[in-house]
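As a plain string of letters, each chain reads:
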Amino acid sequence: MTDVVLDLAGSLMGSPWLYLVLFLCAMLDGFLPLLPSEGILLLSGAFAATGRPNVVLVALVAAFGAFVGDHICYLIGRRLGPPALRRLRPGTKRHTVARWLSELLDRRGGVIVIIGRFLPGLRSITTLTAGVTAYPWRAFALFDAIGALMWGISGTCLGYFAGTAFQESPARGLVVALVLVAVVITINEIARHVQRRRLRSSSGGDDSSDVRE
């Protein structure tokens, strides 16, 4: 059974289509986090230890997908955010939070954008807020490129080293890679759950007049 799983995984990882799947997962995770892109990134890195897929391409494709996805999220915030901000009445909780995030990005924008890439619960919120608060696009693109590249390289290397450690036993390497994927997915879901609870609690006391002109 293990040999069958290894053969199926190996055929997928050796296919050029893997790079497209990896790009799409990383891109969608930037603004529509349905599937954690870290999972396929770790698996790809683990199999790259065997020579297929190419470890450098895995890191670069994942980073580029993350970069594109973050910019889509940024543009959504830039396009839809300002009208929503104008509807927030001064003194309300939502207005205070929006102003605080804007000031935080002004002071430490680069650090926030880079770190946000590694925080699943805050990843899309950070990029969306950058767009909503009209954080300068050139600065966002620069720092997001750094963060996306660091994310792609670190995820690939983590999987790669796990695959290298068990190169003489592919079955164990696959198990280790799958365990890493399960751990990352669990952490992602916990982070998103905590973030959703915080957002609900922070907006629970808002008055309905927050969205009126």
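Refer to the structure printed above.
Colleague: Pulling in residues and values, what's your account of the packing of helix α2 (residues 17–31) against helix α3 (residues 37–48)?
Modeller: Interhelical geometry of α2 versus α3 gives an angle of 150° and a closest axis separation of 8 Å. Here α2 lies roughly antiparallel to α3, going by the angle between them. In terms of crossing hand, the pair formed by α2 and α3 is left-handed. Counting all contacts with α2, which are made through Leu18, Val21, Leu22, Cys25, Ala26 and Asp29, the residues of α3 involved are Ser37, Glu38, Ile40, Leu41 and Ser44. The residue makeup of the contact of α2 with α3, split by class, is seven nonpolar, two polar and two charged.

Colleague: Lay out the packing of aromatic side chains in plain terms, naming residues and giving numbers.
Modeller: Using the criterion set out here, one finds three aromatic pairs in the structure. Centroid distance Tyr74 to Phe140: 4.5 Å. Interplanar angle 20°. Geometry classified as stacked. Taken together, the residues Tyr74 in helix α4 (residues 55–86) and Phe140 in helix α7 (residues 137–165) connect sequence positions 66 residues apart. The pair Tyr74 / Phe140 is uniform in exposure class, with both members buried.

The rules behind these values
- Residues numbered from 1 in each chain as written.
- Predicted model: local features only at pLDDT ≥ 70, side-chain atom pairs only at ≥ 80, totals over all residues.
- Heavy atoms only, no water.
- Axes fitted to C-alpha atoms, helices over the stretch in contact; angles between N-to-C directions.
- Helix = DSSP H or I, 4+ residues; strand = E, 2+ residues; numbered from the N terminus.
- Parallel < 35°, antiparallel > 145°, perpendicular 65-115°, else oblique.
- Left-handed = near helix turned anticlockwise from the far one by under 90°.
- Contact = heavy atoms within 4.5 Å.
- Nonpolar A, V, L, I, M, F, W, Y, C, P; charged D, E, K, R; others polar.
- Phe/Tyr/Trp six-rings, centres within 6.5 Å; stacked < 30°, edge-to-face > 60°.
- Buried < 20%, exposed > 50% of the residue type's maximum accessible area, 1.4 Å probe, protein only.

So, to be careful, I would describe these as geometric facts and stop short of saying anything about function.
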